[in-house]
Amino acid sequence: MMAITFATSECVFVFLLFLQHLPVGSGNFTNTLWAHQCDPGSEIFACTVPNFFYKPNHNHSTLVAPGTVRKVRLGYPRDKILLRDNIVAYDAALHEILKRPRAVQIENVIIRTVDLPLDLEYADFSSNLIATVSAPEVNGSEYALRYLDLQYNRMTAIDSLRALVHLETLLLAHNRIVVLDGSVLKGFPKLAGLHLGGNQLEEFPYADLPATLEWLVLCRNDFANNVEFTGMYAPALKVLNLQDNFLNSLNIDSLLAAAPNLKELLLRNDFIAIDGASEIMHKLQEAGIAHDKLAHSEQESDYDEEDGDGDSYHHTNQKHQAREYIFSGLLAVMNVCVMAWGGCRLYKALRSEK
């Protein structure tokens, strides 16, 4: 028994010595673990790297790409990703590592925080764990960002996006937004598309919509009873989606006055009575506006099918994350065992040569 204990202690000692010689992360990122090239042919569209490692103040991957590459996509395709906890933030350091791209797509990993750089124009950070986006005002400079996708994250407010004055498309579906600050929307003078479906909004500041807005998606929120369009003026609005809420009436006359160029209105699976739905459809037809079938009972099967698709995505995503955490833990344990065994064998071999 004492011999076994002594041998085990020797293995642990050698393993600890081995750990001391592993690369250690540093604050200035001078040590790197891997150099990645774009997947062959991908740079024509976007330099694609499936497995990329970045954690602030730790060792990180580097990107080897042609100087002409201005679009970078990490963590894609999903089937080639070993672990999804390899990128936890997007900040100025990572932006430099990626050679300051104009467009970046990093979805379905576990990014928690985003610090937006001034020169980024397109950003897709959907399906992460983002609760915080930092875009502070910078004297004498403006953010170039025009397209921002933060769908399927953990955002609770959009106040931090106030300085993004060049935004044209903002996707915030399936977050945790309960209250929306209308003054932030007013500060987007170029905004053309806004998706806020799948949040927890009970009210919406229609009067604060920018005049440039062309489509607005507010499906699957908590709007109840009647929608008020008081003070709203959206001359460019063409599509309005209010599906899957709890509306039982809609002042279609005030909507048409507020959005004179409306082309499509979606109200499926709201709770508008059949008589009210018939009147709305008649007025929409007279105005030449396309619409879905408004009566709730006629669409239950379609709703169940589409809602199942959304829930399936969430459940699948959660299963993937749980599976990857388990796999990460098992892999770490296996690595420790293998390294300890290798270190012990090496130590015994060295002793036998003496």
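It should be emphasised that the depicted structure is a prediction, and the values quoted were computed from it without experimental measurement.

### A short note on the overall build of the protein chain
Each helix and strand in the protein chain was counted, giving six helices and 18 strands. Put simply, the protein chain has 354 residues, and 43% of those count as buried. Total accessible area on the protein chain stands at roughly 18500 Å², and carbon and sulfur atoms take up 57% of it.

### Section: unusual backbone geometry
Glycine aside, a negative phi is what most residues show, and trans is what most peptide bonds show. Cis geometry is found at the peptide bond from Tyr-76 to Pro-77, where omega equals -5°. Its location among the elements puts Pro-77 in the loop between β4 (71-74) and β5 (89-90). Unusually for a residue other than glycine, Lys-99 sits at a positive phi of about 70°. In this structure, Lys-99 sits in the loop between α2 (92-97) and β6 (103-106). Of the residues examined, Lys-99 reaches a relative accessible area of 41% and is grouped as partly exposed. At Ser-127, a position not held by glycine, the phi torsion is positive, near 60°. Mapped onto the fold, Ser-127 is located in the loop between β8 (122-124) and β9 (132-134).

### So, the state of the cysteines
The bond known as a disulfide is covalent and runs between the sulfur atoms of two cysteines. As enumerated under the stated definition, the model contains one disulfide in all. Disulfide pairing is shown between Cys-38 and Cys-47; the S-S distance is 2.0 Å. Taking the torsion about the sulfur-sulfur bond, which here is approximately -100°, the covalent link between Cys-38 and Cys-47 counts as left-handed. This pair shows no difference in class: Cys-38 is buried, exactly as Cys-47 is.

### Side note on the pattern of salt bridges
Pairs may arise between side chains of opposite charge once their charged atoms sit close together. As enumerated under the stated definition, the model contains twelve salt bridges in all. The partner of Asp-208 in a salt bridge is Lys-186, with the nearest N and O atoms 3.4 Å apart. Taken together, the residues Asp-208 in the loop between β12 (193-195) and β13 (215-217) and Lys-186 in helix α3 (residues 182-186) connect sequence positions 22 residues apart. Note on Lys-186: relative accessible area 56%, which makes it exposed. A salt bridge links Arg-268 to Asp-244; the shortest N-O distance between them is 2.8 Å. Within this pair, whereas Arg-268 is found in the loop between β17 (264-266) and α5 (274-286), its partner Asp-244 is found in the loop between β15 (239-241) and β16 (246-250), the two being separated by 24 residues in sequence. Taking the relative accessible area as the measure of exposure, Asp-244 reaches 9% and is therefore buried. Each of the salt bridges in this network shares a partner with another, and the network as a whole consists of Glu-96, Arg-100 and Asp-119.

### Comments concerning the nonpolar core
Across soluble globular proteins, you tend to see nonpolar side chains buried next to one another. Counting residues in each nonpolar core, the largest one holds 77 residues, and the members touching the most others are Phe-125 and Phe-204. Those elements that provide at least two residues to this core are β2 (47-49), β4, α2, β6, α3, β16, α4 (252-258) and α5. When residues no more than four places from it in sequence are discounted, the contact partners of Phe-204 are Leu-180, Leu-185, Leu-194, Leu-196, Leu-209, Leu-216, Leu-218 and Phe-223.

### Section: the environment of Arg-176
By the secondary structure assignment, Arg-176 is in the loop between β11 (169-171) and α3. Setting aside chain neighbours within four positions, we find Arg-176 in contact with Arg-154, Met-155, Thr-156, Asn-199 and Gln-200.

### Regarding the packing of aromatic side chains
The full count for this structure, using the stated rule, is six aromatic pairs. A centroid spacing of 5.9 Å and a plane angle of 75° characterise the contact between Trp-34 and Phe-53, whose relative ring orientation is edge-to-face. One end of the pair, Trp-34, is in strand β1 (residues 32-37); the other, Phe-53, is in the loop between β2 and β3 (60-64), and 19 residues separate them in sequence.

Rules behind the numbers
Residues numbered from 1 in each chain as written. Predicted model: local features only at pLDDT ≥ 70, side-chain atom pairs only at ≥ 80, totals over all residues. Heavy atoms only, no water. Helix = DSSP H or I, 4+ residues; strand = E, 2+ residues; numbered from the N terminus. Buried < 20%, exposed > 50% of the residue type's maximum accessible area, 1.4 Å probe, protein only. Areas by Shrake-Rupley, 256 points an atom, 1.4 Å probe, with all protein chains shown as cover. Disulfide = S-S within 2.5 Å. Salt bridge = Lys/Arg side-chain N within 4 Å of Asp/Glu carboxyl O. Core = buried A, V, L, I, M, F, W, Y, C linked by side-chain atoms within 4.5 Å. Contact = heavy atoms within 4.5 Å. Phe/Tyr/Trp six-rings, centres within 6.5 Å; stacked < 30°, edge-to-face > 60°.

Geometry only, nothing functional implied.
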